[in-house]
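Understanding the architecture of this molecule
Letter by letter, the chains look like this.
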Amino acid sequence: MAALYNAIQGRSLERLAALSDGIFAVAMTLLVLDLHIPTREMVRSEVGLLHALAGMAPQWIAYLMSFLTLGIFWAGQQTQLNHIREGTRDLTWIHLGFLFTVTMMPLSTRLLAEFIEFRGALVIYWLNILLAGVMLYWSWWYVTKRGLAKDETTAEIHGAICRRILIAQSLYAFGALLCVVSNYLSIGFIALVQLNYAIAPRFGKRLG
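The rules behind the values
- Residues numbered from 1 in each chain as written.
- Predicted model: local features only at pLDDT ≥ 70, side-chain atom pairs only at ≥ 80, totals over all residues.
- Heavy atoms only, no water.
- Helix = DSSP H or I, 4+ residues; strand = E, 2+ residues; numbered from the N terminus.
- Buried < 20%, exposed > 50% of the residue type's maximum accessible area, 1.4 Å probe, protein only.
- Contact = heavy atoms within 4.5 Å.
- Areas by Shrake-Rupley, 256 points an atom, 1.4 Å probe, with all protein chains shown as cover.
- Lys, Arg positive; Asp, Glu negative; His and termini not counted.
- Charge placed at Lys NZ, Arg CZ, Asp CG, Glu CD.
- Salt bridge = Lys/Arg side-chain N within 4 Å of Asp/Glu carboxyl O.
- Phe/Tyr/Trp six-rings, centres within 6.5 Å; stacked < 30°, edge-to-face > 60°.
- Axes fitted to C-alpha atoms, helices over the stretch in contact; angles between N-to-C directions.
- Parallel < 35°, antiparallel > 145°, perpendicular 65-115°, else oblique.
- Nonpolar A, V, L, I, M, F, W, Y, C, P; charged D, E, K, R; others polar.

A few words now on the overall build of the protein. If you tally the helices and strands in the protein, you get 10 helices and 0 strands. Along the chain direction, N to C, the helices and strands of the protein fall in the order α-α-α-α-α-α-α-α-α-α. Taking the principal axes of its C-alpha atoms as reference, the protein extends roughly 65 × 40 × 30 Å. Relative to its full complement of 208 residues, the protein shows a buried share of 40%. When contacts within the protein are restricted to residue pairs at least 6 apart in sequence, those whose partners lie at least 24 apart make up 76%. In the structure as shown, the protein presents an accessible area of about 11800 Å², 70% of it carried by carbon and sulfur atoms. The protein carries 16 positive and 12 negative side-chain charges, and their two centres are separated by 6 Å.

Structure follows, in structure tokens:
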């Protein structure tokens, strides 16, 4: 009976997609709720307000980076789900593991915003991105191994999905290594990678 139950569990990709959409929406909302605007007691003039907003620069940077990151991973997961014929129990749990990494993004973002000058905060942020990429790659590896992809999913599509994850993660890793030189250089490089995958599709074709 247990084997039968495991065989019929997690078949609905629609339910998985709905759960994923909800979790991504909440995570993206938590990012903006973590922005702490200046208090009234801290601002006495127009100039004071501008100075206070400028002091929030680490928060704005971390927020924009993480919003782009979540958008990229949401699009990546939806691309996979669109090419999967049916779900399985194991595939569902792999995606739940992926969604766990998504729920951690507001926490690692807040840590980076508060301690943007510390390498430890940046490494933890990068590890969050790395784990999400590992789970997404594991998902597609499982789909390929079990033959769960739709019939119209060509070898070229299989390769494109794998390359995009591997190349993106390699670039993120290189960006994280730049923190040895400067945290701000590292953050700037990671932000450029995110912008490439979010808004520069033609250039992105050359990067996978």
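What the rule picks out here adds up to 3 salt bridges. In this structure, arginine 85 engages glutamate 86 in a salt bridge whose closest nitrogen and oxygen atoms are separated by 3.8 Å. On the basis of relative accessibility, which here comes to 41%, the residue arginine 85 falls in the partly exposed class. Glutamate 86 sits in the partly exposed class, given a relative accessible area of 30%.

Here the focus is the packing of aromatic side chains. Tallied over the entire structure, the rule returns 5 aromatic pairs. Ring geometry for phenylalanine 115 and phenylalanine 118: centres 6.0 Å apart, planes at 55°, overall tilted. With a relative accessible area of 45%, phenylalanine 118 lands in the partly exposed category. Ring centres of phenylalanine 174 and phenylalanine 189 lie 5.2 Å apart, and the angle between their planes is 70°; this geometry places the pair in the edge-to-face category. Residue phenylalanine 174 is located in helix α8 (residues 155-177), and its partner phenylalanine 189 is located in helix α9 (residues 183-199); the two are separated by 15 residues in the primary sequence.

Moving on, we get to the packing of helix α4 (residues 57-82) against helix α7 (residues 119-146). Direction vectors running N to C along α4 and α7 enclose 5°, while the axes themselves pass 11 Å from each other. Judged by the inter-axis angle, α4 sits roughly parallel to α7. Facing Ala62, Met65, Ser66, Thr69, Phe73, Gly76, Gln77 and Gln80 of α4, the residues of α7 in contact are Tyr125, Ile129, Ala132, Gly133, Leu136, Ser139 and Trp140. Of the residues belonging to the contact of α4 with α7, the class tally is 8 nonpolar, 7 polar and no charged.

Attention shifts here to the environment of isoleucine 129. Within the secondary structure layout, isoleucine 129 lies in helix α7. Overall, the relative accessible area of 1% leaves isoleucine 129 in the buried class. Separated by 59 residues in the primary sequence, isoleucine 129 and leucine 70 place their C-alpha atoms 9.3 Å from one another. Apart from residues lying up to four places away in sequence, isoleucine 129 is in contact with Thr69, Phe73, Met105, Gln169 and Tyr172.

Quick look at the environment of methionine 105 now. Tracing the backbone through its elements, the reader meets methionine 105 in helix α6 (residues 105-114). C-alpha separation for the pair methionine 105 and leucine 148, spaced 43 residues apart in sequence, amounts to 29 Å. When near neighbours in sequence (up to four residues on either side) are disregarded, methionine 105 contacts Leu31, Ser66, Thr69, Leu70, Tyr125, Asn128 and Ile129.

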